[in-house]
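# Examining the three-dimensional arrangement
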Amino acid sequence: MTDLLTDLLGRDKELIRIGQLVARTGDESALIVNGPAGIGKSVLLAAGADRAARAGHTVLATHGVESEVRLPFAGLHQLLLPLLHLVPRRPAPQRRALAAAFGEADGPAPEPFLIALGALNLLTDAAAERPVLLCVDDTHWLDEPSQDTLAFVARRLSGARLALLATVREGHPSAILRAGLPQADLSPLDDRAARALLERAAADLGPADRDVVLREAAGNPLALVELPVARRHAAGAGHGASPLAQPLNDRLEQAFAGRLDKLSAGTRAALLAAAVDPEDALPEILAAAGTLAGAPVGVEVVDDAVAAQLVAFDGLRLRFRHPLVRSAVIRAEPVARVLAAHAALADCLAEEPLRRVWHRAQSIVGFDDAIAEELAAGHTESLRRGSVLSAIRTLERAAELTTDSAARGRWLLLAAEHAFGLGHGGLVADLLRRAGHTELSDLDRARISWLSEIFDDGVPGDAERVFELCGLAELAHSRGDRDLALNLLLAASLRCWWADPGPAARALVAESAAALPGARPDPRAIAAIATAEPVRWGTRVREMLAAVRISHDVDPDTLRLLGQAAHAVGDLPRAVELFGRCEQLLREQGRLGLLSHVLTMQVIDRLLLGGWEQAARAVEEGRRVAAETGQPIWTSGSAVLDAIGRALRGRAAEALELAAQVEDDVRHSGLSNLLCCAQLARGIARLGAGDAEGAFADLRRMYDPADPAYHERESFDGVMFLAEAAVGAGRPDAGRRMLAGLRAAAAETDAPLLHVQLLYAEAVLADDADAEVAYLSALGRDLTRWPLVRARIELAHGGWLRRRHRVAEARGPLRSALTALDLLGAEAWAEQARAELGRCGEHVGEAGEPAELLSAQELEIARLAAQGMSNREIGQQLFLSPRTIGSHLYRIFPKLGITSRGQIAARLGLVTIPDRVAVGAGVGMAAGVTAGAGMAVGAAAGAGAEISEASFT
């Protein structure tokens, strides 16, 4: 057999890349072949599969079909069919997820990304035996869940003996294209290759006809092969050549359609049934063809279609030679006959209710209430298989078929709620717009208001809208829908968080949430109160949180809401615990969509508690996971978090650039929350660069109620930086005056964040007579959970002692501060401590840090390995294959200068930071909410959590 990789014309560059991909001799583990119809994508795919098979690799293949009726994960099932015998090796959650996805088990709906993780590990198991090549043709026409799974897998092929070769038609969106994988964009063949191919395909063609075909084909390989056949057919039938004004795809379809005239009625019926059937199983195609033809149809009808080079048949399955053949068959038939083909298929699918009702829905034009009802009821099957998008499409089609306006609105609103859970803001808006034109109850219109709020924050500080949402919440509660009432109040509280709507609006939200009856406080109510009134209600919220015991089977939505409340009232250590457990559960459940929100929301709190490496890991993974789940990667809020992190690490120029970008983005939006965070980033960056005067000018804006950047709760984050800037700028009196307002807030709330930062501020701004007492009082407090604050106090205290010539006393706190700051990666402050020690006559060299040698992901893998986790356990934690983890560790060891796993823990001798920090300074809330989960995603689940008395400290 001729090696297809060396027998294709004009594709030398692509052939080299495919050969390297198959042999894994290059850097690429995936390649997406992109181009218009007929350009040769499928031929290149077949060539790659042939090369892999010759090399002894396992070749797994699937293909997309242009149809709306494929079952969820049908493409993935076809791809993995040869490996299903390996499923029992997978952990139980992955086994159950795969079985549910493939319709082989009942039970709760699996998380899509747990299915994806199961598929990835199934493939890595197979690759352990011999290399695997995944060949996916027409990826853009696979069912959407299969596309998402393939994109997930494709990003994680590095380090495994796995490769992906896929094709996508130009101009068709696909999840695989959004995965950022290497692409080969196919261009038309050059003149030399085109002439050679035409000579091979139609050597008998005369010079004049040859020139016409070359001109019409314009370098398209399929056209060069098929147009000569069409010209012969047209000439034999007495027709002229096809008009050049037609698009090439139309001419190719006509070329294929021209072969249908000579086929028997039974063969045409079989081709039409196959064309409207996304599956390629011959028995159901022949059964439907018999119904269409009015008489039984046997397998012999396929022979004529094969002879006409329209289909390929391997004895079991029938496949069209090209997608244009399928569309040519459909376009060649009257609409009524196409509808009849769908009806005939429906009659053959009594054992597959979802496919049956879908074909029934495609067999009618206009309305049919009975089919609409059946279709809407069938959406739960898609949910059971783990495909929310398929369920949404089913509900949309049901809404199109019904004559009942109320039912149409109900189904569109249900679809919108599902889309909301996925974080698809554009789809939610479209569904709500369409639902708004139907007959809806008052409660349903209130539900539209809630769903609209999540993706459209409207005018920040809009008190009228806050009052309106509270009124809708009261209506919902009066009608018995407590869940909707709580969701509306959460939406109202978010408006209060973004910008102050005034004390009356804030108070109404908090009082309304507190007044909702219940034996115990609902986590949604606690979150709404804390977000709307974090200062005035702060102490009471902390009392509510202290009365909560988390049961062993708590859902992560409850943990997220409670963690959000803890962050809002400045209780960062408590938020650490809550979000840490939430993150772990989300990983175990494979809920990557919500995981990206939780990761983002952690960043600022990790930074303020000193967990900078965890913050860096959260930024990196949160960005990656958000991209994988189709959510906004970095909004202005996430850019601010990034800026604060860079500023703390002494990367002033980068931080200032990011902060300026955020200010430009939100300057006219009224989002005082983000503007306040931008000033924090700028102030810390200028402090690190030695510009105390500039830092003071930036930071003071956070505390001026007349400034657009003022935000009372967010200002707590910058108290110690403000004090340092005031002293450095020679403005201690101004700093002391600004502390007055903060002391008033501290008298009203017991927020740990504010009180701890005031310890530093009061000490550095104290008169000489009071400073020593202030420093010793601050250092006498338990700051175990606040290593950054303690190190900053020790640095300031050591410097104060040194300036008073108490050198021997100064060395102790300075050494302690230097150790902590070095380990945290706080280069600017560590350098200050080193300089102060130098002035005390003690010289300390630079510290080498693992964080400087490893990426954030490598550092996280090393940390988990140091805890004794296996490669498989780490892979399940980080949604990577065990082989990928092994590959990372192979690179990590030499970077750290170690040779065994047992040496990792000693090499990573980092400061112990309370793990799993929580919601990020409002900005994190922004990222989570606008991405689609917000403070209210899964809120209904939160209502069912077990709440009992006991403190969570």
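Along each chain, residue indices are assigned from 1 in the same order as the chain's sequence is written. Only residues with pLDDT of 70 or above have their local features reported here, since the model is predicted, and side-chain atom pairs are shown and tallied only from 80 upward, although totals for entire chains, interfaces and linings are computed over all residues. Values reported for side chains reflect all heavy atoms of the structure, with hydrogen atoms and water molecules removed beforehand.

### Brief notes about the overall build of the protein chain
Within the protein chain, the regular secondary structure consists of 49 helices and 7 strands. Here the term buried applies to any residue with accessible area under 20% of the maximum for its type, exposed to any over 50%, and partly exposed to those in between, with areas from a 1.4 Å probe on protein chains only. Residues counted as buried form 59% of the 953 residues belonging to the protein chain. Carbon and sulfur atoms provide 52% of the accessible area of the protein chain, an area that totals close to 35,800 Å². Secondary structure elements are defined from DSSP: runs of H or I of at least 4 residues count as helices, runs of E of at least 2 residues count as strands, and each element is numbered from the N terminus. Using a 1.4 Å probe, the Shrake-Rupley method yields the accessible areas, and only the shown protein chains count as cover for residues.

### Considerations on the side chain of aspartate 137
Within the secondary structure, aspartate 137 sits in strand β3 (residues 132–137). One buried charged residue, aspartate 137, remains without a salt bridge, the closest side chain of opposite sign being arginine 319 at 4.4 Å. Any pair of nitrogen or oxygen atoms within 3.5 Å is treated as a polar contact; in protein, a donor-acceptor pairing is required on top of that, and neighbouring residues in sequence qualify only through side-chain atoms on both sides. Within the local environment of aspartate 137, its side chain forms a polar contact with the side chain of serine 42, the two groups lying 2.8 Å apart. Aspartate 137 has contacts with Ser42, Leu45, Thr62, His63, Gly64, Thr167 and Arg319, leaving out every residue within four places of it along the chain. Under the counting rule used here, the positive set is Lys and Arg, the negative set is Asp and Glu, and His together with the chain ends is not counted. In the sections that follow, a salt bridge refers to a side-chain nitrogen of Lys or Arg positioned within 4 Å of a carboxyl oxygen of Asp or Glu. Note on contacts: a residue pair qualifies if any of its non-hydrogen atoms lie within 4.5 Å across the two residues.

### Observations concerning a negative patch on the surface
Exposure above 30% relative accessible area and the lack of any salt bridge qualify a residue for a patch; like charges then connect within 9 Å, and the nonpolar side chains Val, Leu, Ile, Met, Phe, Trp and Tyr within 5 Å. We put the charge of a Lys on NZ, of an Arg on CZ, of an Asp on CG and of a Glu on CD. A cluster of acidic residues, Asp369, Glu373, Asp404 and Glu439, forms a negative patch at the surface. If you trace the backbone, glutamate 439 turns up in the loop between α21 (425–435) and α22 (442–455). Note on glutamate 439: relative accessible area 57%, which makes it exposed.

### Overview of helix α32 (residues 636–648)
An expected span of 1.5 Å times one less than the residue number is assigned to each helix. In this model α32 runs 19 Å from its N-terminal to its C-terminal C-alpha over 13 residues, within 8% of the 18 Å that 1.5 Å per residue would give. Of all 13 residues in α32, 12 are buried, a share of seventy percent or more. Every buried residue of α32 is listed here: Ser636, Gly637, Ser638, Ala639, Val640, Leu641, Asp642, Ala643, Ile644, Gly645, Ala647 and Leu648. Once α32 ends, the next one or two residues include glycine 650, with phi positive near 85°.

### Here we look at the packing of aromatic side chains
Planes of paired rings set the category: under 30 degrees apart is stacked, over 60 is edge-to-face and the rest tilted, where pairs are Phe, Tyr or Trp rings (Trp by its six-membered ring) whose centres lie within 6.5 Å. The final tally for this structure, using the stated rule, is 2 aromatic pairs. Judged by centre distance (6.0 Å) and plane angle (45°), the ring pair of tyrosine 775 and tryptophan 800 falls under tilted. Here tyrosine 775 is found in helix α39 (residues 768–779), whereas its partner tryptophan 800 is found in helix α40 (residues 787–803), with 25 residues between them in sequence. Assigned by exposure class, tyrosine 775 and tryptophan 800 land together as buried. The residue whose ring lies beneath arginine 156 is phenylalanine 152, and the NZ or CZ to ring-centre distance is 3.8 Å. Only Lys NZ and Arg CZ are tested; either one counts as a charge over a ring when it is within 6 Å of the ring centre and within 35 degrees of the ring normal. One Lys or Arg, arginine 540, reaches over the ring of tryptophan 537 and ends 3.8 Å from the middle of that ring.

### Re unusual backbone geometry
Its identity as a non-glycine residue notwithstanding, alanine 218 has a phi of 50°, on the positive side. Counting through the fold element by element, alanine 218 comes out in the loop between α9 (207–217) and α10 (221–236). In the Ramachandran plot, glutamine 309 falls in the positive-phi region, its phi being about 60° despite a non-glycine side chain. Among the structural elements, glutamine 309 can be located in the loop between α14 (301–307) and β6 (311–313).

### Regarding the confidence of the model for the protein chain
Confidence scores per residue from the predictor, reported as pLDDT, run from 0 to 100. In the predicted model, the protein chain carries a mean pLDDT of 84, and the fraction of residues at 70 or more is 89%. Confidence over residues 1–6 falls short of pLDDT 50; this stretch has 16 contacts with residues more than four positions distant or in other chains. A low-confidence stretch, residues 910–953 stays under pLDDT 50, and its non-local contacts, those more than four residues away or across chains, total 179 contacts.

### A short note on the sheet that holds strand β1 (residues 30–35)
Strand order across the open sheet formed by 5 strands is β2-β3-β4-β1-β5, with parallel pairing between neighbours. Looking at which strands have only one partner, the edges of the open sheet turn out to be β2 (58–63) and β5 (183–185). Averaged over all pairs of adjacent strands, the angle between their axes in this sheet comes to 15°, without regard to strand direction. A strand pair is defined by DSSP finding two or more bridges across the two strands. The sheet contact formed by β2 and β3 spans 6 bridges and is parallel. Of the residues in β3, the one forming a bridge with alanine 61 is cysteine 135. Throughout, an axis means a line fitted to C-alpha atoms (over the contacting stretch in the case of helices), and angles, computed between N-to-C directions, take values from 0 to 180 degrees.

### Comments concerning the pattern of salt bridges
Applying the stated criterion to the full structure yields 74 salt bridges. Across the salt bridge formed by arginine 802 and glutamate 836, the nearest N and O atoms sit 2.9 Å from each other. Remark: glutamate 836 occurs in helix α42 (residues 827–839) and arginine 802 occurs in helix α40; sequence separation between them is 34 residues. Between arginine 806 and glutamate 809 there is a salt bridge, with its nearest N and O atoms 3.0 Å apart. For glutamate 809, a relative accessible area of 45% puts it in the partly exposed group. Each of Glu663, Arg682, Arg686, Asp691, Asp698, Arg701 and Asp707 takes part in one network of salt bridges that share partners.

### A word on the nonpolar core
The definition of a nonpolar core used throughout is a set of buried Ala, Val, Leu, Ile, Met, Phe, Trp, Tyr and Cys residues joined through side-chain atoms within 4.5 Å. Among the nonpolar cores identified, the biggest contains 236 residues, and Leu164 and Phe721 are the most heavily contacted of them. A total of 12 residues in this core trace back to one element, the largest contributor, which is helix α24 (residues 482–498). In this structure, Leu198, Leu318, Val329 and Ala344 belong to the second largest nonpolar core, which totals 52 residues.

### Structural notes on the packing of helix α44 (residues 856–866) against helix α46 (residues 882–896)
Taken N-terminus to C-terminus, the directions of α44 and α46 make an angle of 95°; their axes are 10 Å apart at the nearest point. As the angle between them shows, α44 and α46 are arranged roughly perpendicular. For the pair formed by α44 and α46, the contact residues are Gln857, Glu858, Ile861, Ala862 and Ala865 on the first element and Ile885, His888, Leu889, Arg891, Ile892 and Lys895 on the second. Its residues placed into classes, the contact of α44 with α46 shows 6 nonpolar, 2 polar and 3 charged. Our angle categories are set so that under 35 degrees counts as roughly parallel, over 145 as roughly antiparallel, 65 to 115 as roughly perpendicular, and the remainder as oblique. Residues are grouped as follows: Ala, Val, Leu, Ile, Met, Phe, Trp, Tyr, Cys and Pro are nonpolar; Asp, Glu, Lys and Arg are charged; every other residue, Gly included, is polar.

### A closer look at the packing of α32 against helix α34 (residues 672–688)
At their nearest, the axes of α32 and α34 sit 8 Å apart, and the two run at 20° to each other. Compared by their axis directions, α32 and α34 come out roughly parallel. As α32 packs across α34, the resulting crossing turns out to be left-handed. Of the residues in α34, those touching α32 at Ser636, Gly637, Val640, Ala643, Ile644, Ala647 and Leu648 are Leu674, Cys677, Ala678, Leu680, Ala681, Ile684 and Ala685. Residue composition of the contact of α32 with α34, grouped by class: 12 nonpolar, 2 polar and no charged. By the definition used in this description, the sense in which the near helix is turned from the far one sets the handedness, with an anticlockwise turn below a right angle giving left-handed and a clockwise turn giving right-handed.

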